[in-house]
Amino acid sequence: MNKNSLVAPCGMNCSVCIAYLREKNKCPGCRLFNASEPVTIAGCKIKNCEVIQKDKAEFCFACDDFPCRNLNHLDKRYRTKYNMSMVENLEYIKSEGVEKFLENEDVRWTCSECGGTICVHKGYCYSCGKIYWNVRKMTKIDLKKENKELYTPSIKEPSLVDVPEMKFLMIDGEGDPNTSQEYQDAMEALFPVSYKTKFISKKEKSQDYVVMPLEGLWWVDNMEDFSIEDKSSWKWTAMIRQPDFISKRMINDAIEEVEKKKNPAALSKIRLESLHEGLSAQIMHIGPYSEEGPTVAKLHSFIEENGYKFDGSNLGQKHHEIYISDMRRTKPERLKTVIRQPVK
């Protein structure tokens, strides 16, 4: 049997599902349809989705509504109960391909005792019975939740926060991010390396985590000329935060893997670097990036009114944004962006 046929449109690896592993009333997998489909398949809203059926889409990420309400509901249930994320599976498949996804799955779900399959729903090897659940199942780290003060500032009023030293994957460039090929190249390198590093961590350290949102440092040579409207002269550092236990060796291994698969144009520009902003003022902006002006002005007024001033260091001269929302899936009027400014 072709293992690819056991990866469902929703990103579920059917080969580790209890319904597929059991002998009685065995499920053939979501793609191997037949006249006697199990009730779980026949009633699945995702399998029976109009886009999947009509357009013969191979995976849900091909849909303009990805991730839809049904997929998000399924994703939340599996993340909570079984430490499996359908959305993350699909993001990885889209980036690296289904073959690489299955290679990682084989490592994660193969019994070290007999080579059998560990059931995602039961937490033990379905062949020899070895229990893995408390050992094998990893607690997924979400740094946004662990550091809420850094990622969920007030929408109404600015606040002060002491930002600790953190690790980031970074790429530098310049030009309008809306039109610059250099910026697009940076995105095509940062995200695949970040996801590949996550899977290396799961394999080598048994430590899983949520890939963090994109962040950006923005500046011009003379910050008095910095303009939200005119972005052509902007310089920038695009970056994604990494957990403290991620090493340069792991990043280098991830870069090598991505290079073999796609070799993005900006791959050689990636670096792992620490950033320490310290005392900073921040606020949450809701809405399109083009309408940040009043929010930025409110932040600057807060700094001056409370007796602070802009940090005169090189870092302090840069406008910092954290893109909490994924612009590919969120309507412009609902975009959440943390705007931060180091002060002293």
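The structure under discussion appears in the preceding block.
Residues numbered from 1 in each chain as written. Predicted model: local features only at pLDDT ≥ 70, side-chain atom pairs only at ≥ 80, totals over all residues. Heavy atoms only, no water.

S.K.: Lay out the overall build of the protein with the relevant residues and their values.
M.R.: A count of helical and extended segments in the protein gives 12 helices and 10 strands. Against the 2.2 N^0.38 benchmark of 20 Å for 344 residues, the protein shows a C-alpha radius of gyration of 23 Å, consistent with a compact globule. For the protein, the spread of C-alpha atoms along the principal axes amounts to about 70 × 40 × 35 Å. Every one of the 344 residues in the protein was classed for burial, and the buried ones make up 51%. (Helix = DSSP H or I, 4+ residues; strand = E, 2+ residues; numbered from the N terminus. Rg over C-alpha atoms; globule rule 2.2 N^0.38 Å. Buried < 20%, exposed > 50% of the residue type's maximum accessible area, 1.4 Å probe, protein only.)

S.K.: Summarise the packing of aromatic side chains; cite the residues concerned and give the values.
M.R.: Ring pairs (aromatic) are described by centroid distance and by the angle formed between their planes. Counted by the stated rule, this structure contains 9 aromatic pairs. Judged by centre distance (5.5 Å) and plane angle (25 degrees), the ring pair of Phe 59 and Phe 61 falls under stacked. Judged by relative accessible area, which is 5%, Phe 59 ranks as buried. An aromatic cluster is built from Tyr 183, Trp 218, Trp 234 and Trp 236, whose rings are joined through pairwise contacts. Of note, Lys 26 hangs over the ring of Tyr 20, and the distance from its end group to the ring centre comes to 4.0 Å. Positioned over the ring face of Tyr 209 is Lys 198, at 5.9 Å from the centre of the ring. (Phe/Tyr/Trp six-rings, centres within 6.5 Å; stacked < 30°, edge-to-face > 60°. Lys NZ or Arg CZ within 6 Å of the ring centre and 35° of its normal.)

S.K.: Tell me about the pattern of salt bridges, and name the residues and values.
M.R.: Taken as a whole and assessed by the stated rule, the structure comprises 17 salt bridges. A salt bridge links Glu 113 to Lys 130, with the shortest nitrogen-to-oxygen separation between them at 3.7 Å. Taken together, the residues Glu 113 in the loop between α6 (98–109) and α7 (133–136) and Lys 130 in the loop between α6 and α7 connect sequence positions 17 residues apart. Note that Lys 144 is salt-bridged to Asp 142, the shortest N-O span being 3.4 Å. Overall, Asp 142 belongs to the buried group, its relative accessible area being 14%. Three or more residues joined by partner-sharing salt bridges are found here, namely Glu 88, Lys 140, Lys 198 and Asp 208. (Salt bridge = Lys/Arg side-chain N within 4 Å of Asp/Glu carboxyl O.)

S.K.: Which residues make up helix α10 (residues 181–205), and what values do they have?
M.R.: Spanning 25 residues, α10 covers 36 Å between terminal C-alpha atoms, matching the ideal 36 Å at 1.5 Å per step. Two or three places before Glu 182, at the start of α10, stands the capping residue Ser 180, its side-chain oxygen 3.1 Å from that residue's backbone nitrogen. (Expected span 1.5 Å × (residues − 1). Polar contact = N/O pair within 3.5 Å; in protein donor to acceptor, adjacent residues only side chain to side chain.)

S.K.: Any chance you could break down the sheet that holds strand β3 (residues 166–174) for me, citing the residues and the numbers?
M.R.: A sheet is described by the order of its strands in space; here 8 strands give the open sequence β2-β8-β10-β9-β5-β6-β3-β7, paired in antiparallel fashion. Two strands close off the open sheet at either side, each with one partner strand: β2 (159–163) and β7 (271–275). With strand direction ignored, the average angle separating the axes of adjacent strands in the sheet is 35 degrees. By the bridge criterion, 8 bridges tie β3 to strand β6 (residues 235–242) in an arrangement that is antiparallel. Pairing of Leu 169 across the sheet is with Ile 240, part of β6. (Pairing = 2+ DSSP bridges. Axes fitted to C-alpha atoms, helices over the stretch in contact; angles between N-to-C directions.)

S.K.: Can you explain the pairing of strand β9 (residues 319–323)? Please cite residues and give values.
M.R.: Here is the key point about a regular strand: its side chains alternate between the two faces of the sheet. Within β9, 5 of the 5 residues are buried, leaving the element largely enclosed by the surrounding structure. Across 4 bridges, the pairing between strand β5 (residues 214–219) and β9 is antiparallel. In the strand pairing of β9, Leu 217 is matched with His 320. When β9 meets strand β10 (residues 336–342), the two strands line up antiparallel, connected through 4 bridges. Directly across from Glu 321, in β10, lies its bridge partner Ile 339.

S.K.: Give a description of the environment of Ile 141 that names residues and reports values.
M.R.: Considering the arrangement of structural elements, one finds Ile 141 in strand β1 (residues 140–141). Taking the relative accessible area as the measure of exposure, Ile 141 reaches 18% and is therefore buried. Residues Ile 141 and Val 211, 70 residues apart in the sequence, show an inter-C-alpha distance of 9.4 Å. Not counting residues up to four positions away in its chain, the partners in contact with Ile 141 are Glu 146, Asp 208, Tyr 209, Val 210 and Phe 245. (Contact = heavy atoms within 4.5 Å.)

S.K.: Which residues make up the nonpolar core, and what values do they have?
M.R.: Of all hydrophobic cores here, the largest spans 88 residues; its most connected members are Met 12, Leu 71, Leu 190 and Ile 270. When residues no more than four places from it in sequence are discounted, the contact partners of Leu 71 are Cys 10, Ile 46, Cys 60, Phe 66, Met 86, Val 87 and Leu 90. Ala 281, Val 296, Leu 299 and Val 343 belong to the second-largest nonpolar core, a separate cluster that totals 8 residues. (Core = buried A, V, L, I, M, F, W, Y, C linked by side-chain atoms within 4.5 Å.)

S.K.: How would you sum up the packing of α10 against helix α11 (residues 248–261)? Please name residues and give values.
M.R.: Here α10 crosses α11 at 120 degrees, and the two axes come no closer than 8 Å. By the angle between their directions, the pair α10 and α11 is classed as oblique. In terms of crossing hand, the pair formed by α10 and α11 is right-handed. Along its contact with α10, which presents Pro 192, Val 193, Lys 196, Thr 197, Ile 200, Ser 201, Glu 204 and Lys 205, the element α11 presents Arg 249, Met 250, Ile 251, Asp 253, Ala 254, Ile 255, Glu 257 and Val 258. (Parallel < 35°, antiparallel > 145°, perpendicular 65-115°, else oblique. Left-handed = near helix turned anticlockwise from the far one by under 90°.)

S.K.: I'd like to hear about α6, residue by residue, with values.
M.R.: Taking 1.5 Å per residue as the helical rise, α6 with its 12 residues ought to reach 16 Å, and the 16 Å between its terminal C-alpha atoms agrees with that figure. Residues Val 98, Lys 100, Phe 101, Leu 102, Asn 104, Glu 105, Arg 108 and Trp 109 constitute the buried set of α6.

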